[in-house]
Amino acid sequence: MDEKHKYSREASKIEGCGNDIIFSDHQILDWTDRLYLMVNPEDQRKFTFWPENPIDFRDILLKYAMELSLITEVILKAMAKSLNLEDTCFLEQMGEQPAMFARFNLYPPCPRLDLVLGLKPHADGSAITFVLQDKEVEGLQFLKDNQWIRVLVIPQALLINIGDQVEIMSNGIFKSPVHRVVTNSERERISVAVFSSPDSDKEIEPIGKLFNDLRPRLYKKVKNYVDTYFQYYQQRKRPIDAVRYEFLYLCLLCIVLVKIRSSI
Ligand SMILES: O=C(O)CCC(=O)C(=O)O
Ligand SMILES: [Fe+2]
């Protein structure tokens, strides 16, 4: 417990040990304790939040992060190739100093499964997310066709998920799926999520070749998406909606329709 307090986050900050950040009185809190650490870029690491126990925690996390950076590159190149694009086009949007955050989640047991969720429905704000799930206790679910699909426990498997920023870069071709974590009434569950994101100074946008007269551009240019993400998340809104052109298109359509009507 002392150990946990040592790394506690400040009330308004994300990094460190804590529960859900409170943005409003009406927010439903996640039933989880978490440790959130910025791993990359290197000069932004705050080692005061990094546990000293176990002794090799720091080395292992840094090595793991390095491997995940390489996998991120491989995945982004393969995704670009699968769309017949220049294989570095997504990777270039990650910028010179891509960001990486690690989140260690502990979901305590809760007998009132009807009242709480370990993690409320959300899509990740990253480009790519890597999740190491609990070896025994299930909980993660993905929304597909309005149904929650359980993710089965596969020990040692790395779950790889597309985040909002790849949805933006791919102009909606690759979707960032909504998911949640349900609690278990008797057993605690742990997981480690690592979020691979573009450099916070890098503007990202849909690749030019992915929109045309038939397939409109769906998203605006956006910089530092992760920052605004959390505000929306707590309000149970999808952050990606904030950068979607749909609303704008709808307004234009209404204006055109009104004009046509008035000229008849
Ligand atoms: O705990 C899990 O399995 C998933 C965690 C997750 O979705 C997240 O941290 O964004
Ligand atoms: Fe997630």
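For the structure itself, consult the block above.
These numbers come from a predicted model, not from an experiment.

A. Layout of the site of ligand 1. The immediate surroundings of ligand 1 are formed by 15 residues, with Arg103, Tyr107, His122, Arg189 and Ser191 found nearest. Between ligand 1 and histidine 122 there is a distance of 3.1 Å, counted from an oxygen atom to a side-chain nitrogen or oxygen. One nitrogen or oxygen atom from the side chain of serine 191 is found 2.7 Å from an oxygen atom belonging to ligand 1. Coverage of ligand 1 by the protein chains reaches 100% of its 300 Å² of free accessible surface. Among the elements that take part in the shell around ligand 1, strand β10 (residues 189-197) stands out by supplying four residues, more than any other.

B. Molecular detail of the coordination of the iron ion (ligand 2). Around the iron ion (ligand 2), the protein contributes the donor atoms His122 (NE2), Asp124 (OD) and His179 (NE2), at 2.1 to 2.2 Å from the metal centre. Coordination of the iron ion (ligand 2) draws on donor residues from a single chain, spaced H-x1-D-x54-H in sequence. For histidine 122, a relative accessible area of 7% corresponds to the buried category. A relative accessible area of 5% means that aspartate 124 is categorised as buried.

C. Expanded view of the nonpolar core. One finds Leu76, Met79, Phe90, Ile128, Val166 and Ile168 to be the most contacted residues of the largest nonpolar core, which totals 58 residues. When residues of this core are assigned to their parent elements, the largest contribution, eight residues, is made by helix α2 (residues 57-82). Leave out the neighbours within four places in its chain, and methionine 79 touches Phe90, Ile128, Ile162, Val166 and Phe174.

D. Representation of the sheet that holds β10. Spatially, β1-β2-β3-β10-β5-β8 is the arrangement adopted by the six strands of the open sheet, whose pairing is antiparallel. Sheet topology places β1 (16-18) and β8 (158-162) at the edges, where each strand pairs with a single neighbour. Neighbour to neighbour, the strand axes of the sheet diverge by 20° on average, direction disregarded. By the bridge criterion, five bridges tie strand β5 (residues 128-132) to β8 in an arrangement that is antiparallel. The residue bridging threonine 129 from the neighbouring strand is asparagine 161, located in β8. Those strands touched by α2 are β2 (33-40), β3 (99-107), β5, β8 and β10, and its axis lies near 135° from that of β5.

E. Local environment of the pairing of β2. In terms of burial, β2 is largely enclosed, as seven of its eight residues are buried. Here seven bridges tie β2 to β3, and the two strands are oriented antiparallel to one another. Among the inter-strand pairings, leucine 35 is bridged to a residue of β3, identified as phenylalanine 104.

F. Representation of the packing of aromatic side chains. One pass over the full model with this rule turns up five aromatic pairs. Pairing phenylalanine 47 with tryptophan 50 gives two aromatic rings, centres 4.8 Å apart and planes at 70°, and the pair type is edge-to-face. On the accessibility criterion, phenylalanine 47 (30% relative accessible area) is partly exposed. A relative accessible area of 2% places tryptophan 50 in the buried class. Between arginine 58 and the ring centre of phenylalanine 47, over which it is positioned, the NZ or CZ distance is 3.7 Å.

Thresholds applied
- Residues numbered from 1 in each chain as written.
- Chains lettered and ligands numbered in written order.
- Predicted model: local features only at pLDDT ≥ 70, side-chain atom pairs only at ≥ 80, totals over all residues.
- Heavy atoms only, no water.
- Near = heavy atom within 4 Å.
- Polar contact = N/O pair within 3.5 Å; in protein donor to acceptor, adjacent residues only side chain to side chain.
- Areas by Shrake-Rupley, 256 points an atom, 1.4 Å probe, with all protein chains shown as cover.
- Helix = DSSP H or I, 4+ residues; strand = E, 2+ residues; numbered from the N terminus.
- Donors = N, O, S within 2.8 Å, 3.2 Å for Na, K, Ca; no water.
- Buried < 20%, exposed > 50% of the residue type's maximum accessible area, 1.4 Å probe, protein only.
- Core = buried A, V, L, I, M, F, W, Y, C linked by side-chain atoms within 4.5 Å.
- Contact = heavy atoms within 4.5 Å.
- Pairing = 2+ DSSP bridges.
- Axes fitted to C-alpha atoms, helices over the stretch in contact; angles between N-to-C directions.
- Phe/Tyr/Trp six-rings, centres within 6.5 Å; stacked < 30°, edge-to-face > 60°.
- Lys NZ or Arg CZ within 6 Å of the ring centre and 35° of its normal.

All quantities given are derived from atomic positions and should not be read as evidence of function.
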